[in-house]
Amino acid sequence: MIFVRDIMTRKLQTIAPGKTINQAAKKMTRFKIGSLIVIDHGKPIGIVTEGDVSRAVGRDVNSRRDAVSKIMSTRLITTTPGERLEDAAKIMAESSVKKLPVVEDGKLVGILTQTDIVASSFDLVTSLKEMVRARYRPPDFQP
Amino acid sequence: MEVPPITVFGDVTIDDAAKLMWEKNIGSVIVVDMTGQMVGIVTERDVVYSVSKSMTGREIPVSSIMSKTVLRSSPNESIATAVEKMRNAGVRHLPVVDRHGKPLGMMSMRDALEVSWPLLRLVLKSIKKRRAPHRDVKIRRG
């Protein structure tokens, strides 16, 4: 059994809702990450992704003046460290989000990304293939 | 993968490229020259970079923020190889080109998730099956 905690990313950055879109973009670029969790008074209230920032540019939003709260997604679909990976993957595929913040006892502990899931499933297939190859050698060929 | 791929010329502005990505609901566009050959790729991440450097709203062309050394894939490559390439490079989009460098499509991590999630379910199911009731069955060789 594989759980969310086994493959989630613990590197997590947050931002206050009143910061500008430009400040959010700077933070994403500096930390080389694709999303920031928006925290208000210690509580996660939304998520802002590189897609949100890019769409803001397409919509002529003023990135140096407008706040993150204007473009963030408040539909925060979360998961827990103890959730089975396949269930988290299902949620992600069905809700078409790229990131699931991981919450434990009301506290943010990490983030599960699309890349984490895709990479781990192909890793799993590769190791399973190797396992099968090592355990079941083909029978000797006898004419 | 996204077929046909969405392409732009290098002189399109960053703002227009971002708008196009928004309208088409995609995370990247391929930049082509006049002959249709791929010369670069622009992703949402590049647009974020341009926002952080205040390059938007100033008629700056995408050619100034695009990645020129573009990682690519061929149509006959396996999905696993394509995923490995994206993972190693830390990117989420991989242009698929023919042998002349003409873009045929765009493969994304989103596409890979659609394959990998049912695959994951299948693998985990097969592991469970293998472990549970047949533990004592001997495999007859030859």
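Residues numbered from 1 in each chain as written. Chains lettered and ligands numbered in written order. Predicted model: local features only at pLDDT ≥ 70, side-chain atom pairs only at ≥ 80, totals over all residues. Heavy atoms only, no water.

Engineer: Help me understand the overall build of chain B, please; the structure alone is not making it clear to me.
Structural biologist: Secondary structure summary: chain B contains four helices and five strands in total. Listing every helix and strand of chain B by position from the N terminus yields β-α-β-β-α-α-β-β-α. The proportion of buried residues among the 142 residues of chain B is 44%. Long-range pairs, those at least 24 residues apart, make up 51% of the contacts in chain B with a sequence separation of at least 6. Within the structure as shown, chain B displays about 8,200 Å² of accessible surface, and the carbon and sulfur contribution to it stands at 52%. (Helix = DSSP H or I, 4+ residues; strand = E, 2+ residues; numbered from the N terminus. Buried < 20%, exposed > 50% of the residue type's maximum accessible area, 1.4 Å probe, protein only. Contact = heavy atoms within 4.5 Å. Areas by Shrake-Rupley, 256 points an atom, 1.4 Å probe, with all protein chains shown as cover.)

Engineer: Whenever I open this one, the interface of chain A and chain B confuses me. Can you help?
Structural biologist: By a frequent convention, interface size equals the accessible area lost on bringing the separate parts together. Each partner contributes to the interface: chain A provides 42 residues, whereas chain B provides 38 residues. Around 3,800 Å² of area is buried between chain A and chain B when both sides are counted, 68% of it from carbon and sulfur atoms. Between chain A and chain B we count three salt bridges in total. Between A:Lys98 and B:Glu44 there is a salt bridge; the shortest N-O distance is 3.6 Å. Counting across the interface, chain A meets chain B through three residue pairs in polar contact (both at pLDDT 80 or more). Listing elements by their share of the side of chain A that touches chain B, those giving two or more residues are helix H2 (21-31), helix H3 (50-58), helix H4 (85-95) and helix H5 (114-135) of chain A. Counting residues per element, the side of chain A that touches chain B draws most heavily on H5(A), which supplies 13 residues. Class assignment for the residues of the side of chain A that touches chain B results in 20 nonpolar, nine polar and 13 charged. (Buried area = accessible area lost by both parts, 1.4 Å probe. Salt bridge = Lys/Arg side-chain N within 4 Å of Asp/Glu carboxyl O. Polar contact = N/O pair within 3.5 Å; in protein donor to acceptor, adjacent residues only side chain to side chain. Nonpolar A, V, L, I, M, F, W, Y, C, P; charged D, E, K, R; others polar.)

Engineer: Help me understand the pattern of salt bridges in this model?
Structural biologist: Opposite charge on two side chains permits them to pair, given that their charged atoms come into close proximity. Tallied over the entire structure, the rule returns 11 salt bridges over all chains. Taking the shortest distance from any N to any O, the salt bridge between B:Arg45 and A:Glu50 comes out at 3.5 Å. Within this pair, whereas B:Arg45 is found in helix H2 (residues 44-52), its partner A:Glu50 is found in helix H3, the two belonging to separate chains. Taking the relative accessible area as the measure of exposure, A:Glu50 reaches 3% and is therefore buried. With its nearest N and O atoms 3.6 Å apart, the salt bridge here joins A:Lys70 to A:Asp66.

Engineer: Would you take a moment to explain the nonpolar core for this structure?
Structural biologist: Nonpolar side chains in soluble globular proteins tend to be buried together. Core analysis: the largest hydrophobic core is formed by 35 residues, its most contacted members being A:Val48, A:Val53, B:Val29 and B:Val42. Listing elements by their share of this core, those giving two or more residues are H2, strand E2 (35-40) and H3 of chain A together with helix H1 (14-24), strand E2 (28-32) and H2 of chain B. In this structure, B:Val42 is in contact with B:Met21, B:Gly27, B:Ser28, B:Val29, B:Val31, B:Val47, B:Val62, B:Ile65 and B:Met66, ignoring residues within four places of it in sequence. A:Ala88, A:Ala89, A:Ile117 and A:Leu128 belong to the second-largest nonpolar core, a separate cluster that totals 31 residues. (Core = buried A, V, L, I, M, F, W, Y, C linked by side-chain atoms within 4.5 Å.)

Engineer: I would appreciate a short explanation of the side chain of B:Ser28 in the present structure.
Structural biologist: All names here are of chain B. Secondary-structure assignment places serine 28 in strand E2. A relative accessible area of 5% means that serine 28 is categorised as buried. Among residues more than four places away in sequence, those in contact with serine 28 are Met21, Ile41, Val42, Thr43, His93 and Met106.

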